[in-house]
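# Secondary and tertiary structure notes
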Amino acid sequence: MSDPASALIDRCEAIVNDLDHTSVADWKRQSDGTERKAVGFLPVYVPREVIHAAGFLPVGVVGGGDALEIIRGDAYFQSYICHLPRSIIEMGLGGKLDALDGMIFPSTCDVIRNLSGMWQLLFPDKWAWYLDVPQNLSPRLGGRFYAHDLQLMAKELEGLGGLEVTPERLRGSIEVYDVHRGITEDVFALRREAPEKVPTWELYMLIRAGLILPVEDHSELMVEYLESASKRTAKRRDNPRVIVAGAFCEQPPMGLIRTLERAGCYIVEDDFSLGQRWLREPLRITDEDEPFGALAKAFLEHSAQGATRFHPDGEPKGEELVRQVRECEAEGVILASPSFCDPSLLDRPMITAALDREGIPWTGFKYAENTGQFQGIREQAGTFSDSIRLWSEAS
Amino acid sequence: MTIAAGIDVGSGAIKVSIYETGPDGAETRHALVAERIRRRDPTVVTRESWELALKHAGMVAGDVAYVATTGDGENVPWATGHFYGMTTHARGALHLDPTARAVLDVGSLHARAMKMDPRSKVLKYRMTSQCASGTGQFVENIARYLGVPAEDVGARSLQATEPEMVSSICAVLAETDVINMVSRGIDTNDILKGIHMSMSLRFAKLLRSVGADGVVLITGGQSRDVGLLATLREALAKKAKNLQVEVRNHEQGIYAGAIGAALWGAWRHDYLARKEAS
Amino acid sequence: MRTVIGIDLGSTTTKAVIRDEDGRTVGRGITNSRSNYDVACAVARTEAMNQARMRLLADAIGEDDELAGRAEPLARSLDRAFRHEQHNAQLDELRKQCEVAADSGRAAERTDLGSVLDTIFDQLKVDAERMFAPLAESRSDFFRDMAGSGYQAKAEQIADPETLPFDLLLGLYDQAILKVENAPGDLSLEALGAASLKRMLSKRGDSDRVREPLSAALRRAMAQDIEVMCEVGTGYGRVRLPFPKEQIRSEILCHGLGAHMMFPGTRTVLDIGGQDTKAIQVDDQGIVTSFQMNDRCAAGCGRYLGYIADEMNLGLHELGPLAMEGTKEVRINSTCTVFAGAELRDRLSLGEKREDILLGLHRAIVLRAMSLVARSGGIDNQFTWTGGVARNPAAVQALKMLVRENYGDEIEINIDPSSIYTGALGAAEFATRLAGEA
Amino acid sequence: MKDRSMELQKELISGHYDRLSRANDEGKPVVYTFVPGNLTELMLSFDALPVLPEINALQSGMRKKSGGFITAAEKAGHSEDVCSYVKCDLGMMEQGNIGPTGKALPKPDLLLLSYTGCFTFMKWFELLREKYDCPVAMLHVPYQSRGEITDDMREYVVKQLREEVIPKLEQVSGKKYDEDRLKELLGRSAQAEDDLVWVLESAKHKPSPIDGYFGGVYYIGPLFTAFRGTPEAVEYYRTLRSEVEQRIADGLGPITPEGELKDERYRIVVEGTPNWTHFREFWKMFADERAVAVASTYTKVGGLYDTGFRHDPTRPLESLAEYCLGCYTNLSLPARISLIEKYVNEYEAGGFLINSVKSCNSFSAGQLLILREIEKRTGVPGAFIESDLVDPRYFSPANIKNRLESYFQMIEQRRSGRPKSIANAGLEASP
Ligand SMILES: Nc1ncnc2c1ncn2[C@@H]1O[C@H](COP(=O)(O)OP(=O)(O)O)[C@@H](O)[C@H]1O
Ligand SMILES: Nc1ncnc2c1ncn2[C@@H]1O[C@H](COP(=O)(O)OP(=O)(O)O)[C@@H](O)[C@H]1O
Ligand code: SF4
Ligand code: SF4
Ligand code: SF4
């Protein structure tokens, strides 16, 4: 008997592995011969609602993974810069992003920031936009600035041939994404409850496909997956439950995620797709709300605690992760950071301090999207799972 | 009475141990075998070593209740279960030296430090990343280049008078360093000690970063190298004065992973049997 | 003969090129740098001198009426005999050093080693006959490789885990080869010429007829003076050369100029050497306009292939041909030299064929180099590949493919069989210019 | 014999560290902040003492202490991959927070996070906050992604100054904001800035009387750190300017660690932060080849004045905002390239060098494209070397020397064009 969930994941895998973005090109072609437009965006977070409201397809670009050979990309980046930008340049120069009519660079880190300028020079004919998300988190300061910045961006999209982003349209888009947010969280909840039914590499593929598919289609896909996966009857193994954190931008290769699972870990929460789950709660927008302001407010008040966002005075960093560990009944944390990723790596000592305070076991390593050897990581994750397993039983 | 075997499939050598554990916690050794792989097919060497170990123990495969693999041995077809390297090295180290509270495992392509509690629970560990100049293979290559038999490396390092450190982090470039030293007429003993010193610096860093305390046992292929032992002691005395560590080695350090695997295998066998019974 | 010499003291090999007044290359020599630099230079230089003198000898043979018409085959055969003599001289030295090693340290306790070594070396001598026979297969340039693989193969056959450990035998070799490399003895044509002639004649039916004229030619060739007017050094170890500053040139300039001399249409040069890779752009006079080099990490350079060859117990020159037998490319992402062996074993244990893995490894190396080329400004017509790795056919194949994929079919790719000497050639040209000014 | 300006600068700096060592005891408010976007005049107007962790780190690097500090930070869990300034600073704290002059540094009362041109600043102060448990004032300076300062940006910064920074400064100092005092300070800043620009532009002379990169590091010191707006800084720049005027009159080249540079042979524009652990050694590699850095971008990280900006007492907060927005690392990549292009042309440089430091993504990401673009636009050959700021492990003298040597030989070869003089190139240089 074939498992509909697996078949669905196969479809997602095909979409994700299609580095040429043919599905995007297909979406753009209308039956009446006209063309719709698609806009790419880089990690970590960009409010897709605005792009959606302009009638464009938002497409997340996170790098080519281990399937892409880097030749020209390396010509633009020194060895001590993470792998993501070179892979994106490689895709750009290799024509793999031709389906995208523009690109949005959020203010994630200096690498992506500078990439926005490189893009302008390398692809002068393409629209490129730098989105400065606020680091001053006061609504009156950062909030106003950000809402205004989003409006500017919406105007730009209009100029690019998009629909006018009226308050109504934007409200509509926010609602569509609210639905999507809800279902996304349901899938994650199912994995949390029954990790044997939702292997992380499947969930990962499912979510990654959401960077490319239209949001409505993706919501449907997730509903289907949810239905069929929840009916699975896999046996739960005696594996420890862990959270993976730190991998929010450059993505680990699939082999790495599988290696972690094979080394005996149930991943019950992760931040691979932090950008897609950045706004943690539905906005539940009303007709009275000014939608740009609502997006800004949600950003300031309900976004995930990512390393790329200033952590305001108050609760020490890492406490949110500790809470997450408790909520997910996780037994340990695996900190995975892209090599040379300052945001992720500089956060780590603060996070481990918080974990140590709470006596939560953790282990950490670095990866690149094209890491090909998993031996060390397997040893490490295996030992981690051994130590949780053997010692929780032995003691 | 439980008879269990540990097979440690490494990148430089295959190690096999056969142990018997008693209800009183007695741990009796029946066999220890180590065989360098040296460009042969590891699966063949593994099988041969396994058979040799059975022969030494005077047993047949059926006598062994649990065959535990470690290292790269996940795919050994006749294994019962697998444990990961650090788990088994810690366990093995504790068996070899019950006072050990930290382990430094120096294998052919890796080095790692673990801090453990009195029951060999790994509390913290660190491995050398990517670059490989601090490993057994490197010493072996250099020794070959210098024409020094592997077993003499330690003794010769001890005789050094004016050691010169290699600076490169990369094993290949470090080799060039060594070549330069030879061409500058630096004494072989001094070069060897220099290598030990730079390795020791890294190891001291590893040990410090796991917060090693008390007795540290060196395991793995380099554990018999007295030169390394000496420089590591010096490095720790200099670079980590505040750590109260005492580095030791053991004749059978290279078997630590295999021993640990066997002992964990026996434990697991008994645990599963108890679980079955209840 | 008035000559100039260019010496390229590379990280893995040392090369020397001798040119005559007319700018013709009259001799080339190569040896591994894995020993004392001065010795390496001396060996490469001697080797190049030997070739230059061989050329004089060939001329001398040609001048002789009795030998006329047969000069070329005769010279070739004498050359082969000379190489054989060189090889044997080194084998003898190696054997002597092995015996010394067998008499010291732990080995001294054993009494059987002497006869074991006899067996091994007798067989190596027999092998040599085959290696230097006419029409023999290609062989390595390096004595270390030739003798090493032979010795190891023999030692493996004789060794026995219980009674005669392989390690012990290997240890003897390791100790001995180092000494031989650092003090190779006199391998010049002056020293071995007479013996070579004798060896050559011993194999010929017509020896009585050619003996006298050949000896005379040899004497005449030896009597000629080879004057060195200027020497210029380059390469990784160039600062160690005992030359004044003006006789030392950066390897970038030398490779650029050398490539220009081999192929005047060159605009982009890629040099993959033992431990570094350089991408150089030159103008129509061979003047460097920009360059990029990788350092700090030896990944993806020639040494990487060296490790792989060691790991597979192959000679460097056998690696490429074996890879060419592969049918599908295994994808390799890491080109860290040190972990190359582990990766190889990994893949083998996953059931991949070794030819296929090798194919992937070669692509991985070239891929790395291609990104350096891209960094230096891409490829302009014509593209010349220099350095030792260009001798490897699998690497050549991968390079051609990648150039075509990324820069189109129009790019002309130049690879000279003597590409490893490019740096030395450039240095020799600088030497010519210096000499012209003096 | 030392120049008077050098002595003045030494006095300034050691005086500052002395004051800092007493600050906590004397109850003076101490504010940590960064060089780019530093609000020195504002801080001084509250009598607060600025501490600039980057400066401490670079000083530790120059004094060969950074290696140990970095090790300490890595031991505490920091990755070898991240910015070494941060690690050097944290390691120094770990080991007692003894500053570069051997005196203890005070604890901060406020971390003024001028988030200008570098993402890592944010992490840095998050980390410091964990240690010191003191408040952070976040000043988000938007990035000039479209190559200009818009009204929105300026307003956003001014508003943050008013509503975030000034209130927090009032809080820690117990003083009210005094705009007149600020204006007075800003007036003096502008004066010193005029002189600094004059000095930096003197490199347009041939031969150049100054070195605009290695030497430039000393010239920018007072203005980029804790002294902007002080009378001492005004005096320093006056003195410096008159010294340089004298050098021009005497037709002298710049002073280098090897003494005065005679017969300048290469004029180079340099992009990127210097390496501090081998600063003199690196400089010597230039001096040995008789190469002079005529202009550099690094000397603009703490403020870009040579394109016309001055602090302006008539628009105190606006001009502070513009100052922050205009720092070099806050420029978009295309704007950086245009600036360098301008330098190559205006300073008539024959070469262009990028020192790419591993630590700094803000500087380094994109430098290879800068290299290409500059070569393309100016036709001047570029060179690329890699090192680090204060991590001594990443400065490989042999490699860098090899590259520089090859590079200068290449310029020479290209300059002469004719094969014959290629051979000459080396001869001329040998003693
Ligand atoms: N008796 C021995 N048998 C095998 N290897 C030994 C022995 N003594 C020392 N060695 C060294 O130990 C290395 C293997 O070390 P080990 O810790 O087993 O590494 P790995 O687990 O990676 O194979 C060999 O490469 C060799 O240099
Ligand atoms: N006959 C050969 N076949 C294949 N590869 C070779 C051969 N000879 C040398 N090489 C390769 O060339 C490399 C040395 O190249 P070379 O240009 O001499 O380097 P360097 O100048 O750095 O010493 C060796 O590491 C090896 O990989
Ligand atoms: S992986 Fe890290 S450093 Fe790289 S682009 Fe993403 S956030 Fe920036
Ligand atoms: S520096 Fe050496 S050990 Fe490190 S990755 Fe490069 S080749 Fe491998
Ligand atoms: S990343 Fe660069 S700008 Fe930022 S703190 Fe480090 S050195 Fe300074």
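Look up a bit, the structure's there.
Here the structure is a predicted model, which is why all the values come from computation and not from measurement.

About the thresholds
Residues numbered from 1 in each chain as written. Chains lettered and ligands numbered in written order. Predicted model: local features only at pLDDT ≥ 70, side-chain atom pairs only at ≥ 80, totals over all residues. Heavy atoms only, no water. Helix = DSSP H or I, 4+ residues; strand = E, 2+ residues; numbered from the N terminus. Rg over C-alpha atoms; globule rule 2.2 N^0.38 Å. Contact = heavy atoms within 4.5 Å. Areas by Shrake-Rupley, 256 points an atom, 1.4 Å probe, with all protein chains shown as cover. Buried < 20%, exposed > 50% of the residue type's maximum accessible area, 1.4 Å probe, protein only. Lys, Arg positive; Asp, Glu negative; His and termini not counted. Charge placed at Lys NZ, Arg CZ, Asp CG, Glu CD. Near = heavy atom within 4 Å. Phe/Tyr/Trp six-rings, centres within 6.5 Å; stacked < 30°, edge-to-face > 60°. Pairing = 2+ DSSP bridges. Axes fitted to C-alpha atoms, helices over the stretch in contact; angles between N-to-C directions. Nonpolar A, V, L, I, M, F, W, Y, C, P; charged D, E, K, R; others polar. Expected span 1.5 Å × (residues − 1).

### Focus on the overall build of chain A
- Along the backbone of chain A there are 14 helices and eight strands.
- Whereas a compact globule of 395 residues would reach a radius of gyration of roughly 21 Å, chain A reaches 21 Å, a difference of no more than 12%.
- For chain A, the spread of C-alpha atoms along the three principal axes comes to 65 × 50 × 45 Å.
- Taking as baseline every contact in chain A between residues at least 6 positions apart, the subset at least 24 positions apart corresponds to 75%.
- Of the roughly 13,500 Å² of accessible surface on chain A, a fraction of 49% belongs to carbon and sulfur atoms.

### So, the overall build of chain C
- Across its full length, chain C carries 14 helices and nine strands.
- For chain C, whose C-alpha radius of gyration is 23 Å, the value lies close to the compact-globule estimate of 22 Å for 438 residues.
- Taken over the C-alpha atoms alone, chain C extends approximately 60 × 60 × 40 Å along its principal axes.
- A total of 438 residues make up chain C; the buried ones form 62% of that total.
- If you take every contact in chain C between residues at least 6 apart in sequence, the share linking residues at least 24 apart comes to 71%.
- Per element, the accessible surface of chain C, about 17,000 Å² overall, is 48% carbon and sulfur.
- Here chain C holds 52 positive side-chain charges and 66 negative ones, and the gap between their average locations is 1 Å.

### As for the site of ligand 5
- Residues in close proximity to ligand 5 include Cys 83, Tyr 85, Cys 118, Thr 120, Phe 121, Trp 124, Ser 359, Cys 360 and Leu 389 of chain D, which together make up its full environment.
- Element by element, the count of residues in the shell around ligand 5 is highest for helix α6 (residues 120-132) of chain D, at three residues.

### Remarks on the packing of aromatic side chains
Residue and element names in this part refer to chain D.
- In this structure the tally under the stated criterion is 41 aromatic pairs over all chains.
- Here the aromatic rings of Phe 34 and Trp 124 are separated by 5.2 Å at their centres, their planes lie at 55 degrees, and the arrangement is tilted. Taken together, the positions of Phe 34 in the loop between β1 (30-32) and α2 (40-45) and Trp 124 in helix α6 put the pair 90 residues apart, joining distant regions of the chain.
- Ring geometry for Phe 214 and Phe 279: centres 5.6 Å apart, planes at 70 degrees, overall edge-to-face. Of this pair, Phe 214 sits in helix α9 (residues 214-224) while Phe 279 sits in helix α11 (residues 279-288), and the two are 65 residues apart along the sequence.
- On the accessibility criterion, Phe 279 (3% relative accessible area) is buried.

### Some words on the sheet that holds strand β9 (residues 214-219) of chain B
All names here are of chain B.
- Judged by pairing direction, the sheet is mixed, and its five strands sit side by side in the order β8-β7-β6-β9-β10 without closing on themselves. Pairing within the sheet leaves two strands with one partner each, and these edge strands are β8 (122-127) and β10 (245-248). Direction aside, neighbouring strands of the sheet carry axes that sit 20 degrees apart on average.
- Here strand β6 (residues 100-106) runs beside strand β7 (residues 111-116); their pairing, made up of five bridges, is antiparallel.

### Focus on the site of ligand 3
- If you check the shell around ligand 3, you find Cys 82, Leu 84, Thr 108, Cys 109, Ile 112, Cys 249, Glu 250, Pro 338, Cys 341 and Pro 343 of chain A and nothing else.
- Broken down by class, the residue content of the shell around ligand 3 amounts to eight nonpolar, one polar and one charged.

### Description of helix α10 (residues 231-250) of chain D
Residue and element names in this part refer to chain D.
- The first and last C-alpha atoms of α10 sit 29 Å apart over 20 residues, in line with the 28 Å expected at 1.5 Å per residue.
- Where α10 is concerned, the buried positions are Ala 233, Val 234, Tyr 236, Tyr 237, Thr 239, Leu 240, Glu 243, Val 244 and Arg 247.
- Where α10 is buried, its residues touch α1 (4-26), α8 (179-201), α9, β5 (255-256) and β6 (259-260).
- In the segment just after α10, Gly 251 is the residue with positive phi, at about 65 degrees.

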